[in-house]
Amino acid sequence: MVKAILWDVDGTLLDFLAAEKAAVQRLFGEFGLGECTDEMVARYSAINESYWKRLERGEITKQQVLIGRYREFFAEVGVDPSLAEPFNARYQLALGDTVVYQDGSLSIVKALHGKVKQYVVSNGTVVAQTRKLERSHLGEWMDGVFLSEELGAEKPSPAFFEKVFAALPDIPKEDMLIVGDSLTSDMKGGLMAGIPTCWYNPQSLPRPADMAIAFEIQNLQQVYDLL
């Protein structure tokens, strides 16, 4: 019986790629850097993802992700890499300015409010996630928010989930369900922590044979069927 849902945000409740594209392209204009084409955004997105994967593996710090991704991207596209830090600072706020819900996620969390406990579990920065949850109104319907920056540990680290469990002592692990799009962060983290996992897989990608994922959904509306 599911008593608590642990929701990932980026790529699950909210369309992260849409927000990322809007923020990067707008900030290129604000910083007077010229046009940022869709191809450039795609390249940035790939670089960004590679940095977050390295963070998940414990190879680099969060700060190295936030600044390093822009230093590398700017060097490739001919922008002064010294702008990486101020650009990133502005980007953290700009990310929350474009809200695109995945599969009517706001109506889902509103409908589930009071029926099951709902918590955010995210590796995103405090600045970015706080703004997203506020602008999207998703935060109004959550029973709590767990951000890696505040917990001092990143998904999929067991240390992240141990701190979540410590904050929710009245909810058995087997009665939790983590819902997320990332195999390497959400699903791996849930499996290592010993809680049921639900992979949000809207693109119907092949499921890894070596991951014992409990549930798989292509649309967030299917969460109702799991409850």
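Residues numbered from 1 in each chain as written. Predicted model: local features only at pLDDT ≥ 70, side-chain atom pairs only at ≥ 80, totals over all residues. Heavy atoms only, no water.

Colleague: Can you help me understand the overall build of the protein in this one?
Modeller: Scanning the protein for helices and strands turns up 10 helices and 6 strands. Against the globule reference of 17 Å for 227 residues, the protein gives a C-alpha radius of gyration of 18 Å, in line with a compact fold. Its C-alpha atoms put the protein at 55 × 35 × 35 Å along the principal axes. Classification of the 227 residues of the protein by burial places 48% in the buried group. Relative to all contacts within the protein whose residues are 6 or more apart in sequence, the contacts with residues 24 or more apart total 63%. Approximately 10,100 Å² of the protein is accessible, and the part contributed by carbon and sulfur atoms is 53%. Across the protein, the 22 positively charged side chains and the 32 negatively charged ones have centroids separated by 2 Å. (Helix = DSSP H or I, 4+ residues; strand = E, 2+ residues; numbered from the N terminus. Rg over C-alpha atoms; globule rule 2.2 N^0.38 Å. Buried < 20%, exposed > 50% of the residue type's maximum accessible area, 1.4 Å probe, protein only. Contact = heavy atoms within 4.5 Å. Areas by Shrake-Rupley, 256 points an atom, 1.4 Å probe, with all protein chains shown as cover. Lys, Arg positive; Asp, Glu negative; His and termini not counted. Charge placed at Lys NZ, Arg CZ, Asp CG, Glu CD.)

Colleague: Sorry, what's going on with unusual backbone geometry here?
Modeller: Negative phi characterises most residues that are not glycine, and trans characterises most peptide bonds. Cis peptide bonds are those with omega within 30 degrees of zero, and the linkage from K155 to P156 qualifies with 10°. Positive phi, close to 55°, is recorded for D103, a residue that is not glycine. Here D103 lies in the loop between α4 (84-94) and α5 (105-112). Its relative accessible area of 24% is what places D103 among the partly exposed residues.

Colleague: How should I be thinking about the pairing of strand β1 (residues 4-7) in this particular structure?
Modeller: In β1, alternate side chains face the same way, and those of A4 and L6 on one face and I5 and W7 on the other are all buried. Bridging between β1 and strand β4 (residues 176-180) involves 4 bridges; their strand directions are parallel. From the neighbouring strand, A4 faces β4, where its bridge partner is M176. (Pairing = 2+ DSSP bridges.)

Colleague: It is not clear to me how helix α9 (residues 183-193) should be interpreted in this structure. Could you clarify?
Modeller: An α-helical turn contains 3.6 residues, so any two residues separated by three or four positions project in the same direction. Of all the residues in α9, the buried ones are S185, D186, M187, G189, G190 and A193. The arc that holds every buried residue of α9, seen down its axis, measures 165°, which confines them to one face. Buried residues in α9 make contact with α2 (38-56), α8 (158-167), β4 and β5 (197-200). (Arc of directions from axis to C-beta.)

Colleague: Even after reading the chapter, I still don't get the layout of surface pockets, so can you show me in this structure?
Modeller: Take a probe with the size of a water molecule and roll it over the atoms, and the empty space left behind shows itself. Computed from the structure, the largest pocket encloses a volume of approximately 1,000 Å³. Looking at the largest pocket, it is lined by 38 residues, and the ones nearest its centre are D10, G11, F16, E49 and D181. Of all the elements in the fold, those that place two or more residues in the lining of the largest pocket are α1 (16-30), α2, α3 (62-77), α4, α6 (126-136), α9 and β5. In terms of residue count, the dominant contributor to the lining of the largest pocket is α2 (6 residues). Class assignment of the residues belonging to the lining of the largest pocket gives a composition of 12 nonpolar, 14 polar and 12 charged. (1 Å grid on protein atoms, 1.4 Å probe; cavity = no way out; pocket = protein on both sides within 12 Å on 5 of 7 lines; lining within 4 Å. Points joined across faces, edges and corners; volume = space filled by probe spheres on them. Nonpolar A, V, L, I, M, F, W, Y, C, P; charged D, E, K, R; others polar.)

Colleague: Could you clarify how one ought to interpret the side chain of D186 in this entry?
Modeller: With respect to the helices and strands, the residue D186 is situated in helix α9. Ignoring any residue separated from it by four or fewer positions in sequence, one finds D186 in contact with D8, K155, I178, G180 and D181.

Colleague: It is not clear to me how the environment of G139 should be interpreted in this structure. Could you clarify?
Modeller: By the element assignment, G139 lies in the loop between α6 and β3 (144-147). You can call G139 partly exposed: its relative accessible area is 29%. Expressed as a C-alpha distance, the spacing of G139 and V77, which sit 62 residues apart in the sequence, is 36 Å.

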